[in-house]
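Structural description and commentary
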Amino acid sequence: MKAIGITKSLPTSDKNCFIAFETEKPMPEDYDLLVKIHAVSVNPVDYKVRQNAAKDEELDEPKVLGWDAAGIVEAVGSEVSNFKVGDEVYYSGEYERPGCNAEFQLVDSRIAGHKPSNLSFAEAAAMPLTSLTAWEAIFDRLRLKKNGESGKKLLIIGGAGGVGSIAIQIAKKLTNIEVIATASREETSDWCKNLGADVIVNHHELIQQMESANISEVDFILNFSDTDMHWDAMAKLIKPQGQICSIVENKDPLDLNKLKNKSASFHWEFMFTRSLFKTEDMIAQHKILEELRLLFEEGTLKSTINKTFEGLDTGVFREVHEFQESGKSIGKNVISYI
């Protein structure tokens, strides 16, 4: 099968940033699905791994990146009971297994879902990683109650990004909370408004913008942007006994004492935790994707796909990674193979 990989961490300006190569089509075992991939999407984790996986020395074997994918099940392992050959699926794969930038991929059936029937493969491929991240942050980390947060406020920092775009929808549609989202450009502000955000503020002057909107504090904060940059603002804006959740690793030490007198709590969300540690509740991600499927099919949620590219080609992956790294991406960027 054909795959796209890296052997060295190179900038997208280097034509050897990605290489195309042939490798054996894998065979499923135990809980595995063998998926014929139709479309993938690119997330910040893709370019971060590309930038760091082979910084010091060239890899002996190419590393295949990519996590978000949608396709058709071609074969199943002996322990699979929730899928069959021919099923259309969408998923975000495991952090340490070969990625989806290939014609075929193995994925654990416990972290895959049936593709929403009303979404194309491209529209579906845009959704698993960001939807799972947002869902876990909202319901597992912050523990918001479905239909039970009226009168409360949620600040989403990075509203127009991939995770922010679906988090706005999930929070607004499923919890009834007031959503304040950050965006710094007219097009990103419009994007967030169209997804259901109640208030838009500029994250470059977050405190002043919140004051202008007559919002002095919020019950919950979801940070999908720069944790170091926004730490002081988050500590100031969170209510006493409020909760903050971030998905972006800090580079400098975080002063947790800023939260002490408020008895405020801080949570990390990493979507790969369940599969990385093979937690007892690993099947939860399958269940979440199935619940999301129903929400997409009934029209409660919509895909956040924004740009589509074509081809299992090194040049295409260079172009999309470069666009992701530019910081100008809105929603999700998808590469369709078929």
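All of the points below concern the structure found in this document.

Reading the values: the criteria
Numbering of residues starts from 1 in each chain and follows the order in which that chain's sequence is written. This being a predicted model, a pLDDT of at least 70 is required before a residue's local features are given, and a value of 80 or more before pairs of side-chain atoms are given or counted; all residues contribute to the totals for chains, interfaces and linings. For side-chain calculations, the full set of non-hydrogen atoms in the structure is used, while hydrogens and water are omitted. For this analysis, a salt bridge means a side-chain nitrogen from Lys or Arg found within 4 Å of a carboxyl oxygen belonging to Asp or Glu. The way it works is that DSSP assigns letters per residue, a run of H or I at least four long becomes a helix, a run of E at least two long becomes a strand, and they are numbered from the N terminus. When accessible area is computed with a 1.4 Å probe and restricted to protein chains, residues below 20% of their type maximum are described as buried, those above 50% as exposed, and intermediate ones as partly exposed. One less than the number of residues in a helix, times 1.5 Å, gives the span that helix is expected to have. Patches were defined on residues exceeding 30% relative accessible area and lacking a salt bridge, with like-charge contacts within 9 Å and nonpolar side-chain contacts (Val, Leu, Ile, Met, Phe, Trp, Tyr) within 5 Å. Note on areas: Shrake-Rupley with a 1.4 Å probe; residue coverage comes only from the protein chains shown. Positive: Lys, Arg. Negative: Asp, Glu. His and the chain ends are not part of the count. For charged residues, the charge sits on one atom: NZ in Lys, CZ in Arg, CG in Asp, CD in Glu. Strand pairing is defined by DSSP finding a minimum of two bridges between the two strands. Note on contacts: a residue pair qualifies if any of its non-hydrogen atoms lie within 4.5 Å across the two residues. In protein, a polar contact requires one atom able to donate a hydrogen and another able to accept it; more generally it is a pair of N or O atoms within 3.5 Å, and residues adjacent in sequence count only if both atoms are side-chain atoms. Note on handedness: a clockwise path from strand one over the helix to strand two, with the strands aimed away from the viewer, defines a right-handed crossover. Axis geometry follows a simple rule: fit a line to the C-alpha atoms, using only the stretch in contact for helices, then measure angles between N-to-C directions, giving values from 0 to 180 degrees. Note on angle classes: values under 35 degrees are labelled roughly parallel, values over 145 roughly antiparallel, values of 65 to 115 roughly perpendicular, and the remainder oblique. For this scheme, ten residues count as nonpolar: Ala, Val, Leu, Ile, Met, Phe, Trp, Tyr, Cys and Pro. Four count as charged, namely Asp, Glu, Lys and Arg, and the remainder, Gly too, count as polar. Our arc is simply the arc of the directions from the helix axis toward the C-beta atoms.

Time to look at the pattern of salt bridges. This model, assessed by the stated rule, comprises 23 salt bridges. Here Asp140 and Arg274 are joined by a salt bridge, their closest N and O atoms 3.2 Å apart. Taken together, the positions of Asp140 in helix α3 (residues 128–141) and Arg274 in helix α9 (residues 273–276) put the pair 134 residues apart, joining distant regions of the chain. On the basis of relative accessibility, which here comes to 25%, the residue Asp140 falls in the partly exposed class. Overall, Arg274 belongs to the buried group, its relative accessible area being 11%. Between Glu297 and Arg293 there is a salt bridge, with the nearest N and O atoms lying 3.3 Å from each other. Taken together, the residues span about one helical turn, with Glu297 and Arg293 both in helix α10 (residues 284–297) at a distance of four residues. What emerges from the salt-bridge pattern is a single network uniting Glu136, Asp140, Arg141, Glu269, Arg274 and Asp281.

With that settled, the discussion passes to α10. For α10, spanning 14 residues, the distance from its first C-alpha to its last is 20 Å, which sits close to the expected 20 Å at 1.5 Å a residue. Burial analysis of α10 places ten of its 14 residues in the buried class, the great majority of the element. Along α10, the residues that are buried comprise Ala284, Gln285, His286, Ile288, Leu289, Glu290, Leu292, Arg293, Leu295 and Phe296. The first or second residue beyond α10 is Gly299, which carries a positive phi of 85°.

Let us look at a negative patch on the surface. Taken together, Asp56, Glu57, Glu58, Asp60 and Glu61 make up a surface patch of like negative charges. Turning to its location among the elements, Glu58 is positioned in the loop between α1 (44–52) and β4 (63–64). Glu58 sits in the exposed class, given a relative accessible area of 54%.

A word on the sheet that holds strand β1 (residues 2–6). Spatially, three strands are ordered β2-β1-β4 in an open sheet, and the strand pairing comes out antiparallel. Each edge of the sheet is formed by a strand with only one pairing partner; in this case those strands are β2 (19–22) and β4. Pairing of β1 with β2, which is carried by four bridges, proceeds in the antiparallel orientation. Each residue of the ladder has a partner; that of Lys2, found in β2, is Glu22.

Summarising the element assignment, Asp32 is placed in strand β3 (residues 32–42). With relative accessibility at 8%, the residue Asp32 sits in the buried group.

So, about the pairing of strand β16 (residues 332–336). Counted residue by residue, β16 has five buried out of five residues, so it is predominantly covered. Side-chain alternation along β16 places Lys332, Val334 and Ser336 on one buried face and Asn333 and Ile335 on a second face that is also buried. Of the strand pairs in this sheet, β3 and β16 are connected by four bridges, and their pairing is antiparallel. Bridge pairing links Val42 to Asn333 in β16.

Right, let's get into the environment of Trp67. With respect to the helices, strands and loops of the structure, Trp67 is situated in the loop between β4 and β5 (68–76). Residue classification places Trp67 among the buried positions, given a relative accessible area of 2%. Through-space distance from the C-alpha of Trp67 to that of Gly327 is 20 Å; in sequence the pair is 260 residues apart. Other than its neighbours up to four places away in sequence, Trp67 contacts Val45, Asp46, Val49, Tyr91, Ser92, Gly93, Glu94, Tyr95, Cys100, Leu129 and Phe272. At 3.1 Å, the side chain of Trp67 and the backbone oxygen of Glu94 are in polar contact.

With that settled, consider the pairing of strand β10 (residues 178–182). Counting buried residues in β10 gives four out of five residues, a clear majority hidden from the surface. Note: strand β9 (residues 153–157) against β10, four bridges, orientation parallel. Bridge pairing in β10 places Ile156 opposite Ala181. At this point the chain moves from β9, through helix α4 (residues 162–175), to the parallel β10, and the crossover so formed is right-handed. As defined by bridge partners, β10 adjoins strand β11 (residues 199–201) across three bridges and the pair is classed as parallel.

Here we come to the packing of α3 against α10. In contact at an axis separation of 10 Å, α3 and α10 are set at 105° when each is read in the N-to-C sense. By the angle between their axes, α3 is roughly perpendicular relative to α10. Touching Pro128, Ser131, Leu132, Trp135 and Glu136 of α3 are Gln285, Ile288, Leu289, Glu291, Leu292, Leu295 and Phe296, all from α10. The residue inventory of the contact of α3 with α10, partitioned by class, reads eight nonpolar, two polar and two charged.

A few words on helix α5 (residues 186–195). Along α5, the residues classified as buried are Thr188, Ser189, Trp191, Cys192 and Leu195. Looking down the long axis of α5, one finds its buried residues gathered within 160° of arc, a one-sided arrangement. Structural note: α5 exposes Glu186, Lys193 and Asn194 on the side pointing more than 90 degrees away from its buried face.

Purely spatial values, then, with no claim about function.
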